[in-house]
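Chain by chain, the residues:
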Amino acid sequence: MLQNNQLLEICANLEAGKLVLLQTETIWGILCDATNDATIQQLIKLKSAKPNEGMVTMVADYEM
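Visitor: With reference to specific residues and values, describe the overall build of the protein chain.
Guide: A tally of helices and strands in the protein chain yields two helices and two strands. In the protein chain, the succession of helices and strands from N to C terminus is α-β-β-α. Its C-alpha atoms give the protein chain principal-axis dimensions of roughly 35 × 25 × 25 Å. Evaluated residue by residue, the protein chain yields a buried proportion of 12% over its 64 residues. Once local pairs closer than 6 in sequence are excluded, the contacts in the protein chain between residues at least 24 apart make up 7%. Of the roughly 5,800 Å² of accessible surface on the protein chain, a fraction of 56% belongs to carbon and sulfur atoms. Within the protein chain, one finds 4 positive and 8 negative side-chain charges whose respective centroids are separated by 15 Å.

Okay, here's the thing in structure tokens:
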């Protein structure tokens, strides 16, 4: 479980347009701010993703 200070650091990095590597129970996830086009481009480049390739996106609720 992440500590409060770790969550604050993750949030600060995401707000600063950085990519964040986070371990889950089964895989490592690369997090970014999905509303930041420059950050999304960084992620696409890092993954060598094709333009039409899908990615998992997590949101808080349907409206988001």
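Visitor: Run through unusual backbone geometry, naming residues and quoting values.
Guide: Phi at Ser-48 is positive, roughly 50 degrees, even though this residue is not glycine. Here Ser-48 lies in the segment after α2 (37–47).

Quick notes on the rules
- Residues numbered from 1 in each chain as written.
- Predicted model: local features only at pLDDT ≥ 70, side-chain atom pairs only at ≥ 80, totals over all residues.
- Heavy atoms only, no water.
- Helix = DSSP H or I, 4+ residues; strand = E, 2+ residues; numbered from the N terminus.
- Buried < 20%, exposed > 50% of the residue type's maximum accessible area, 1.4 Å probe, protein only.
- Contact = heavy atoms within 4.5 Å.
- Areas by Shrake-Rupley, 256 points an atom, 1.4 Å probe, with all protein chains shown as cover.
- Lys, Arg positive; Asp, Glu negative; His and termini not counted.
- Charge placed at Lys NZ, Arg CZ, Asp CG, Glu CD.

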